[in-house]
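Residue-level structural notes
For reference, the chains in residue letters:
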Amino acid sequence: MKQPATKRIHIVEGPDWRESIVALLDSRSPCRPWRYGFGEAHEGDPVAIVLHTEPRTVMTTVARIGADGRRDRAVAKPGLTGSGLVDIDSLVMLTRFDTGADPRDAWVLYGDDATRLKRALKRADRRRDKSMRYGHSSLTAARILLRSRGRCSGCSELLDLTGEDATEAFRIHTVDQPLRDAPEVLIKEEPFPSYKEQGIPDRCWLPRLPADWPGVVCRRCCARMEAAGYTNLLDFRFSQHPECRKCGGRRVQVAQFGMPVNPDVYWDTSPWIDWRGCVNDGGKWTCTDCGYQW
Ligand SMILES: [Zn+2]
Ligand SMILES: [Zn+2]
């Protein structure tokens, strides 16, 4: 059935972004941080969720009123890589809302303005990747927490977000923004291209791992990291894998057989996982230093 044009979109805001995301990740959590100004609301109405990160953001996943059969509740269903966040000032700057229909002030947008906001969020949802989770701002931390889908990056277990202290049940590990690759300046006078002289380097087939990885760490993993002196989440995660049998390397990925359900999942895969395709050869580990698999 063809979807009717968006008549209205409601806006809900979470002044405490951490509590708000905990409430989104686990509906059993006691966190109820929302502010809203619903006037006339109907089942199926879309709801945009604004979070008071620094700078303020809006979630790229739109919730719907009554999606679980309850008309007093809006439910957001993020994709497999979690919901994204877009800075709301930039979104307003790049979208032509009518006067008086600014999603930073209004509780409801109507007609064309509602459609513009929905489209802008859809575009933003398509355009996001893991590089947006580098840096140390609260916007970045909120992205990392949303991406976690409520699982610890240290042990892959679900976080316990049901207690009164749910917002303290984890630590968000942020990582410096990596510098872009410096260009290789090649000024040569020889008549032959350099690859003819040196060949293709062996390492070009090996995965390029980041120095560290942004993630959410449960209390237990925080304690284990601290006790063992780890400040780097990627090193901590790899420390739970065996050393390479061939070269003794410590950055060994765990093999994953099958195919990711979509390209987003593939590109968003954590660096300790090696997608090996559909044919299960019984192997379990891949060394990222020498490429040996066993
Ligand atoms: Zn953990
Ligand atoms: Zn190796």
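For the structure given in this document, a descriptive report is provided here. (Residues numbered from 1 in each chain as written. Chains lettered and ligands numbered in written order. Predicted model: local features only at pLDDT ≥ 70, side-chain atom pairs only at ≥ 80, totals over all residues.)

Observations concerning the overall build of the chain
Just so we agree on the cut-off: Helical segments are the DSSP runs of H or I of at least four residues, strand segments are the runs of E of at least two, and each set is numbered from the N terminus. In this scheme every C-beta is placed from the backbone, and a residue whose C-beta has 20 or more other C-beta atoms within 10 Å is buried, one with 12 or fewer is exposed, and one in between is partly exposed. Contact between residues is assigned whenever the C-beta positions, reconstructed from backbone atoms, fall within 7 Å.
Broken down by element type, the chain carries 8 helices and 13 strands. Its C-alpha atoms give the chain principal-axis dimensions of roughly 70 × 55 × 40 Å. Residue burial in the chain is summarised as follows: out of 294 residues, 31% are buried. A separation of at least 24 residues holds for 64% of the contacts in the chain among residues at least 6 apart in sequence.

Describing the environment of serine 83
The residue serine 83 is located in the loop between strand S6 (74-75) and strand S7 (85-87) in this model. The spatial distance from the C-alpha of serine 83 to the C-alpha of proline 260 is 18 Å, given a sequence separation of 177 residues. For serine 83, the contacting residues outside a window of four places in its chain are Met59, Thr60, Thr61, Ala76, Pro78 and Leu146.

A look at helix H1 (residues 17-25)
The buried fraction of H1 amounts to 8 of the 9 residues, a majority that puts the element mostly inside the structure. Residues of H1 that are buried: Trp17, Arg18, Ser20, Ile21, Val22, Ala23, Leu24 and Leu25. In this fold, the buried residues of H1 make contact with strand S1 (8-14), strand S3 (46-51) and helix H4 (138-148).

Some words on helix H3 (residues 111-126)
Put simply, the rule is: Take the number of residues in a helix, subtract one, and multiply by 1.5 Å to get its expected span. Each direction from the helix axis to a C-beta atom contributes to the arc, which is the arc of those directions.
Counted at 1.5 Å a residue, the expected span for H3 with its 16 residues is 22 Å, and the 23 Å between its end C-alpha atoms agrees. Among the residues making up H3, those that are buried are Asp113, Ala114, Arg116, Leu117, Ala120, Leu121 and Ala124. The buried residues of H3 occupy an angular sector of 160° when the element is viewed end-on, so they sit on one face. Along H3, exposed side chains directed more than 90 degrees from the buried face belong to Arg119, Lys122 and Arg126. Each element contacted by the buried residues of H3 is listed here: S1, S3, strand S4 (57-59), S7, helix H2 (88-94) and strand S8 (108-110).

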